[in-house]
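Here are the chains, one letter per residue:
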Number of protein chains: 2
Amino acid sequence: MQATPTALDQQVPRPPKELLASTGFLLARLGYALKARSIKEFELAGLVPYHYSVLALLDEGACQSQATIAEALRLDRSQLVGLLDGLEERGLVERRRDRNDRRRHLVSLTPSGRGALAKCRAIVKRLEGEFLAPLDEESRQTLHDLLLQLARHYDPRFGPGGESG
Amino acid sequence: MQATPTALDQQVPRPPKELLASTGFLLARLGYALKARSIKEFELAGLVPYHYSVLALLDEGACQSQATIAEALRLDRSQLVGLLDGLEERGLVERRRDRNDRRRHLVSLTPSGRGALAKCRAIVKRLEGEFLAPLDEESRQTLHDLLLQLARHYDPRFGPGGESG
DNA sequence: TATTGTTATACTCTATAACTATA
DNA sequence: TATAGTTATAGAGTATAACAATA
């Protein structure tokens, strides 16, 4: 016999069972928990999760304008400014005027930026490994596929376009 | 032939593919999107999602103290005060002094509160149906099971204790 | 001294609008 | 006039601490 369930039941106040039946509640709750962990982990590297998003985006296609970056990440232009300031102060990205349109900044990764991106990937990999530890490999893959289906439905830009060609 | 993938690829800035490979990113993003929708839906009823949580909890075991409610929902005591104020103003819950310990408030559902709870359930059901529409019934069940496994791992109070007895 | 409910405070995130310089 | 980047401001959400009443 293990510790009786009723012991837990009476010692600590439990959340409504009703909420556990809601996929949406679980999704929102787990998503929030994971986001909180991510913020804490990235903080140790002097960054925030959005910094990683910016670095990853620049790595896939360099020299983008700030407006393009913001749109890709669904951020407001004004929010991106502070993120880029932080990255630029650490020498991870460069901002240069676009000679063809002097209103624009062309943002690009520096060598240090690529190094930082590698660190970010390591952080994310470890974090995700820890978070998904309760699931076996097959379950993780299934979960990923299901979430990807949903994500693609709500943001077509997540779709497979480009992979086929 | 459908619209070419390259058209979307070049017209709109796309998020980093790298992030799509991250289950955690998808989870956090979908969770946030769903939470935002929930807030908007509940707002039409003059409530917030936490109000539903409180009502559901009271329905499962009435006359709890505020500290107990807060702990069950993982809220800070001070945060619960405002939530209960809102519910009390609308006549959905009652606060009474505990005669055995006059520091405590015993909170209970009113008949109107039960009616409001029914409305909340309808809201959640519709919202979840819409959100999970891209998935068939079997996929929804699978997703729910996987999320529940994770949730139980991170909060043992979500475990099956009590269902066996 | 510790606990319950309450109030006050601060800090993050986010959304919006206004400002500049360029076009 | 419209756009790109920037700055300033306000709002919601949350976390922390201080407070009065009671134990």
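Residues numbered from 1 in each chain as written. Chains lettered and ligands numbered in written order. Predicted model: local features only at pLDDT ≥ 70, side-chain atom pairs only at ≥ 80, totals over all residues. Heavy atoms only, no water.

Student: Would you mind going over the pattern of salt bridges with me for this structure?
Tutor: This model, assessed by the stated rule, comprises 24 salt bridges over all chains. Notably, a salt bridge pairs A:D59 with A:R121, separated by 3.2 Å at the nearest N-O pair. In this pair, A:D59 sits in helix α4 (residues 49-60) while A:R121 sits in helix α7 (residues 111-131), placing the two residues 62 residues apart along the sequence. Residue A:R121 is classed as partly exposed on the basis of its relative accessible area of 35%. What you see here is one network of salt bridges that share partners, running through A:E18, B:D59, B:R114 and B:R121. (Salt bridge = Lys/Arg side-chain N within 4 Å of Asp/Glu carboxyl O. Helix = DSSP H or I, 4+ residues; strand = E, 2+ residues; numbered from the N terminus. Buried < 20%, exposed > 50% of the residue type's maximum accessible area, 1.4 Å probe, protein only.)

Student: Where do I start with the packing of helix α3 (residues 23-44) of chain A against α7(A) in this structure?
Tutor: Packed helix pairs are characterised by how far apart their axes lie and by the angle those axes make with each other. Residues and elements named next belong to chain A. Between α3 and α7, the least distance of the axes is 11 Å, while the angle of their chain directions is 140°. Classified by the angle their axes make, α3 and α7 are oblique. For the pair α3 and α7, the crossing hand works out as right-handed. Of the residues in α7, those in contact with L30, L34, R37, S38, E41 and F42 of α3 are C120, I123, V124, R126, L127 and F131. By residue class, the composition of the contact of α3 with α7 is 8 nonpolar, 1 polar and 3 charged. (Axes fitted to C-alpha atoms, helices over the stretch in contact; angles between N-to-C directions. Parallel < 35°, antiparallel > 145°, perpendicular 65-115°, else oblique. Left-handed = near helix turned anticlockwise from the far one by under 90°. Contact = heavy atoms within 4.5 Å. Nonpolar A, V, L, I, M, F, W, Y, C, P; charged D, E, K, R; others polar.)

Student: How should the sheet that holds strand β3 (residues 101-109) of chain A be read in this particular structure?
Tutor: Whenever strands of a sheet pair, they do so through backbone hydrogen bonds, lying parallel or antiparallel. All names here are of chain A. Pairing in this open sheet of 3 strands is antiparallel, and the strands run β1-β3-β2 from one edge to the other. Edge positions in the sheet fall to β1 (64-65) and β2 (93-98), since each has one partner strand and no second. As judged from the 2 bridges shared by β1 and β3, these two strands associate in the antiparallel manner. Bridging across to β3, Q64 finds its partner in V107. The sheet contacts of helix α6 (residues 77-89) involve β2 and β3, and relative to β2 the element is tilted by about 120°. (Pairing = 2+ DSSP bridges.)

Student: Is there a simple way to think about the protein's contact with DNA strand D in this case?
Tutor: Around DNA strand D, a shell composed of 19 residues is seen, among which A:Q66, A:A67, A:S78, A:R103 and B:R102 lie nearest. Near the protein, within 4 Å, the atoms of DNA strand D are sugar or phosphate in 63% of cases. In this structure, A:R95 approaches DNA strand D through a side-chain N or O atom, which is 2.9 Å from a phosphate oxygen. If you list the elements that add at least two residues to the surface near DNA strand D, you get α5 (66-72), α6 and β3 of chain A together with α3 (23-44), α6 (77-89) and β3 (101-109) of chain B. A class-by-class count of the residues in the surface near DNA strand D yields 4 nonpolar, 6 polar and 9 charged. (Near = heavy atom within 4 Å. Polar contact = N/O pair within 3.5 Å; in protein donor to acceptor, adjacent residues only side chain to side chain.)

Student: Please explain the protein's contact with DNA strand C as it appears in this structure.
Tutor: In the vicinity of DNA strand C, 18 residues are found, and the nearest of them are A:R103, B:Q66, B:A67, B:S78 and B:R95. The sugar-phosphate portion of DNA strand C accounts for 62% of its atoms within 4 Å of the protein, the bases making up the rest. Side-chain polar atom of B:Q66 to a phosphate oxygen of DNA strand C: 2.8 Å apart, as the coordinates give it. A distance of 3.2 Å separates a base nitrogen of DNA strand C from a polar side-chain atom of B:R77. Tallied by class, residues from the surface near DNA strand C come to 3 nonpolar, 6 polar and 9 charged.

Student: Can you walk me through the interface of chain B and chain A in this structure?
Tutor: When the parts come together, some accessible area is lost, and that loss is often what is quoted as the size of the interface. Taken together, the contact pairs 63 residues of chain B with 63 residues of chain A. Both sides together, the interface formed by chain B and chain A hides about 6,300 Å², and carbon and sulfur atoms give 68% of it. In this structure, the connection of chain B to chain A is made through 4 salt bridges. One salt bridge connects B:R121 with A:E18, and the closest N-O pair in it is separated by 2.7 Å. One can count 28 residue pairs in polar contact (both at pLDDT 80 or more) joining chain B with chain A. Elements supplying a minimum of two residues to the side of chain B that touches chain A: α1 (5-11), α2 (17-20), α3, α4 (49-60), α5 (66-72), α7 (111-131) and α8 (137-154) of chain B. Here the residues of the side of chain B that touches chain A sort into 35 nonpolar, 15 polar and 13 charged. (Buried area = accessible area lost by both parts, 1.4 Å probe.)

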